[in-house]
Amino acid sequence: MDDKNIMENLLNCTKGACDLYMHGAIESPTPNVREAFCSALNTGLTMQDGIYQQMTQKGWYQVQQAPQSETQQLKQKFPQSC
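Per an unreviewed UniProt entry, the protein chain carries the name Spore coat protein and comes from Candidatus Scatomorpha intestinavium.

Here it is, written out as structure tokens:
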């Protein structure tokens, strides 16, 4: 297994953990449990970003920019509510 595959696996595992933490926070029965899941989620998101940044620097994770017309359509469809 090469470095790229290892990083891809780390990224996928971290994304999966973040998904579980998010659902744990949503379903939490008490504020203390919710805070524990939210804290774990924030840590996981920070880790995910670090992995993503390293992969991007090495050219292992490339994203395409969405066309301006599509982003404008989405902004109109889902106006900011906050």
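Here the narrative resumes, following the displayed structure.
J.: Outline the overall build of the protein chain, listing residues and values.
T.: Each helix and strand in the protein chain was counted, giving 3 helices and 0 strands. Starting at the N terminus and walking to the C terminus, you meet the elements of the protein chain as α-α-α. Its C-alpha radius of gyration of 17 Å places the protein chain more than 25% over the 12 Å reference for a compact globule of 82 residues. Along the first, second and third principal axes, the C-alpha set of the protein chain runs to 45 × 40 × 15 Å. By residue count, 16% of the 82 residues in the protein chain fall in the buried class. In the protein chain, the share of contacts with a sequence separation of at least 24, taken over all contacts with a separation of at least 6, comes to 58%. Measuring between centres, the 6 positive side-chain charges of the protein chain sit 7 Å from its 8 negative side-chain charges.

J.: Outline the packing of helix α1 (residues 3-26) against helix α2 (residues 31-57), listing residues and values.
T.: Between α1 and α2, the least distance of the axes is 8 Å, while the angle of their chain directions is 160°. In terms of axis orientation, α1 runs roughly antiparallel to α2. Once α1 is placed against α2, the crossing between them reads as left-handed. A per-class count over the contact of α1 with α2 returns 16 nonpolar, 5 polar and 3 charged.

J.: I'd like to hear about the side chain of T14, residue by residue, with values.
T.: Inspection of the secondary structure puts T14 in helix α1. For T14, a relative accessible area of 9% translates into the label buried. With sequence-adjacent residues up to four places away left out, T14 is seen in contact with G44, M47, Q48 and I51.

J.: Any chance you could break down α1 for me, citing the residues and the numbers?
T.: What sets the pattern is the α-helix's 3.6 residues per turn: residues three or four places apart point alike. Relative to the 34 Å expected for 24 residues at 1.5 Å per residue, α1 spans 35 Å between its end C-alpha atoms, a close match to the ideal helical length. Among all positions in α1, only M7, L11, T14, C18, G24 and A25 are buried. Buried positions along α1 lie against α2.

J.: Explain a nonpolar patch on the surface to me, using residue names and the numbers behind them.
T.: Judged by side-chain polarity, M1, I6 and L10 come together as a nonpolar surface patch covering roughly 320 Å² of accessible area. With respect to the helices, strands and loops of the structure, I6 is situated in helix α1. Since its relative accessible area comes to 38%, I6 is described here as partly exposed.

Rules behind the numbers
- Along each chain, the written sequence defines residue order, and numbers are assigned to residues from 1.
- Given that this is a predicted model, residues contribute local features only at a pLDDT of at least 70 and side-chain atom pairs are listed and counted only at 80 or more, while totals for whole chains, interfaces and linings are drawn from all residues.
- Hydrogens and waters are ignored; side-chain quantities use all the structure's heavy atoms.
- Under the DSSP-based scheme used, a helix requires at least four consecutive residues in state H or I and a strand at least two consecutive residues in state E, with every element numbered from the N terminus.
- In this description the radius of gyration comes from C-alpha coordinates, and the expected globular size is given by 2.2 Å times residues to the power 0.38.
- Relative accessibility decides the category of a residue: with a 1.4 Å probe and only protein chains considered, values under 20% of the type maximum give buried, values over 50% give exposed, and everything between is partly exposed.
- By the convention used here, residues are in contact when the closest approach between their heavy atoms is within 4.5 Å.
- We treat Lys and Arg as the positive residues and Asp and Glu as the negative residues; His and chain ends play no part in the count.
- Charged side chains are reduced to one point each, which is NZ for Lys, CZ for Arg, CG for Asp and CD for Glu.
- Convention adopted: a line fitted to C-alpha atoms gives each axis, helices being fitted over their contacting stretch, and angles between N-to-C directions are expressed from 0 to 180 degrees.
- Each angle gets one of four labels, with under 35 degrees taken as roughly parallel, over 145 as roughly antiparallel, 65 to 115 as roughly perpendicular, and the rest as oblique.
- Two helices crossing with the near one rotated counterclockwise from the far one by less than a right angle form a left-handed crossing, whereas a clockwise rotation gives a right-handed crossing.
- Ten residue types, Ala, Val, Leu, Ile, Met, Phe, Trp, Tyr, Cys and Pro, are classed as nonpolar, four, Asp, Glu, Lys and Arg, as charged, and the remainder, Gly among them, as polar.
- Expected helix span is given by 1.5 Å per residue-to-residue step, counting one fewer step than there are residues.
- Patch membership needs two things, relative accessible area over 30% and no salt bridge, and members are linked within 9 Å if like-charged or within 5 Å if nonpolar (Val, Leu, Ile, Met, Phe, Trp, Tyr).
- All accessible areas in this document rest on Shrake-Rupley with a 1.4 Å probe, and a residue is counted as covered only by the protein chains that are shown.
- Salt bridges, as used here, are contacts in which a Lys or Arg side-chain nitrogen is within 4 Å of a carboxyl oxygen on Asp or Glu.

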